[in-house]
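# Working through the structure, step by step
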Amino acid sequence: KQEVTQIPAALSVPEGENLVLNCSFTDSAIYNLQWFRQDPGKGLTSLLLIQSSQREQTSGRLNASLDKSSGRSTLYIAASQPGDSATYLCAVRDFSGGGADGLTFGKGTHLIIQP
Amino acid sequence: NAGVMQNPRHLVRRRGQEARLRCSPMKGHSHVYWYRQLPEEGLKFMVYLQKENIIDESGMPKERFSAEFPKEGPSILRIQQVVRGDSAAYFCASSPPAFRSTDTQYFGPGTRLTVL
């Protein structure tokens, strides 16, 4: 059964810093891995999706990497801004979680960017 | 193109009552997923449906919970005889018919259920 772990659980940094969020998963047989953003009281917004054959994806100030063999992914946020404050969720799509199409989520990293 | 819609956004029920949560997928999407987020927990997969079919309900509690996605109308997640432990945010997601490895699931804003 797939398990996804995110470290740290919470992070607070001053504005402008670069930061890294970590995600690990136990079963490397995945279709893809996604990073989502969740704002309080709201739904999830997909940030980046990395297919199992890819090593990284970039969107603006965000860069996500994937090392499938070691079961790890990182989300790198450059030049952080107060608007980046949110909970960041890592999720994998694999054959074991949710009938091959459901996603298995980590508990998230709660990020606060101090102005 | 409207996103995934869920209603109600907030639902309060007393113990023993029934809760009905609705989800309308994005236009053109025929796959619906329900997830539950308990306080301080990650999202947990509950059930995966296509039109008129339950494909996988491995994450559904064995009792009191049911889901449907009829030919016409929204998908419904029904919780009978609610208990306080059912208090959570329930999210619906949808995906297109050909769910490729490059495709994401699109999430609704969630329904926050509070059981008194």
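Above this text is the structure in question.
Read on for an overview of the structure. On a predicted model such as this, the values are computed, not experimentally measured, just so you know.

Residues and elements named next belong to chain A. Covered by surrounding structure in strand β11 (residues 109–114) are T109, L111 and I113 only, the residues H110, I112 and Q114 on the alternate face being uncovered. In this structure, strand β2 (residues 10–14) lies alongside β11, joined through 5 bridges in parallel fashion. If you follow S12 over to β11, its bridge partner there is I112. Summarising the sheet, strand β9 (residues 86–94) and β11 pair through 3 bridges and their orientation is antiparallel. Following the sheet pairing, T87 is matched in β11 by H110.

Residue and element names in this part refer to chain A. Spatially, the 5 strands line up as an open sheet ordered β1-β3-β8-β7-β6, and their pairing is antiparallel. Two strands bound the open sheet, and with one partner strand each, they are β1 (4–7) and β6 (56–59). Adjacent strand axes in the sheet meet at a mean angle of 15°, parallel and antiparallel pairs treated alike. With 6 bridges joining them, strand β3 (residues 19–25) and strand β8 (residues 72–77) adopt antiparallel strand pairing. Paired with V20 across the two strands is Y76, which belongs to β8.

On to the interface of chain A and chain B. If you look at the interface, chain A gives 22 residues, while chain B gives 24 residues. When chain A packs against chain B, the two sides together hide about 1700 Å² of surface, and 52% of this comes from carbon and sulfur. For the pair chain A and chain B, the number of links is 1 salt bridge. The salt bridge partner of K107 of chain A is E41 of chain B, with a shortest N-O separation of 3.7 Å. Where chain A touches chain B, the interface holds 5 residue pairs in polar contact (both at pLDDT 80 or more). For the side of chain A that touches chain B, the secondary structure elements donating two or more residues are β4 (30–38), β5 (44–51), β9 and β10 (103–105) of chain A.

For the bond running from I7 of chain A to P8 of chain A, omega is -5°, close enough to zero to count as cis. Here P8 of chain A is to be found in the loop between β1 and β2. That bond from N7 of chain B to P8 of chain B is cis: its omega, -5°, falls within 30 degrees of zero. For P8 of chain B, the location among the structural elements is in the loop between β1 (5–7) and β2 (10–13). The phi dihedral of Q81 of chain B falls on the positive side, at around 50°, and the residue is not glycine. For Q81 of chain B, the location among the structural elements is in the loop between β8 (75–79) and β9 (88–95). Since its relative accessible area comes to 56%, Q81 of chain B is described here as exposed.

Put plainly, two cysteines are in a disulfide when a covalent bond ties their sulfur atoms together. One pass over the structure, following the stated rule, counts 2 disulfides over all chains. The disulfide that involves C23 of chain A links it to C90 of chain A, with 2.0 Å between the sulfurs. Across the S-S bond of C23 of chain A and C90 of chain A the torsion is about -65°, and the bridge reads as left-handed. With a gap of 67 residues between them, C23 of chain A in strand β3 and C90 of chain A in strand β9 connect regions that are remote in the sequence. Using a relative accessible area of 3% as the deciding quantity, one classes C23 of chain A as buried. One disulfide bridge connects C23 of chain B with C92 of chain B, the sulfur atoms lying 1.7 Å from each other. Between C23 of chain B and C92 of chain B, the S-S dihedral sits near -55°, and the bridge is therefore left-handed. Of the two residues, C23 of chain B is situated in strand β3 (residues 19–24) and C92 of chain B in strand β9; the sequence distance between them amounts to 69 residues. With a relative accessible area of 0%, C23 of chain B lands in the buried category.

Rules used in this analysis
- Residues numbered from 1 in each chain as written.
- Chains lettered and ligands numbered in written order.
- Predicted model: local features only at pLDDT ≥ 70, side-chain atom pairs only at ≥ 80, totals over all residues.
- Heavy atoms only, no water.
- Buried < 20%, exposed > 50% of the residue type's maximum accessible area, 1.4 Å probe, protein only.
- Helix = DSSP H or I, 4+ residues; strand = E, 2+ residues; numbered from the N terminus.
- Pairing = 2+ DSSP bridges.
- Axes fitted to C-alpha atoms, helices over the stretch in contact; angles between N-to-C directions.
- Contact = heavy atoms within 4.5 Å.
- Buried area = accessible area lost by both parts, 1.4 Å probe.
- Salt bridge = Lys/Arg side-chain N within 4 Å of Asp/Glu carboxyl O.
- Polar contact = N/O pair within 3.5 Å; in protein donor to acceptor, adjacent residues only side chain to side chain.
- Disulfide = S-S within 2.5 Å.

Structural measurements only, silent on function.
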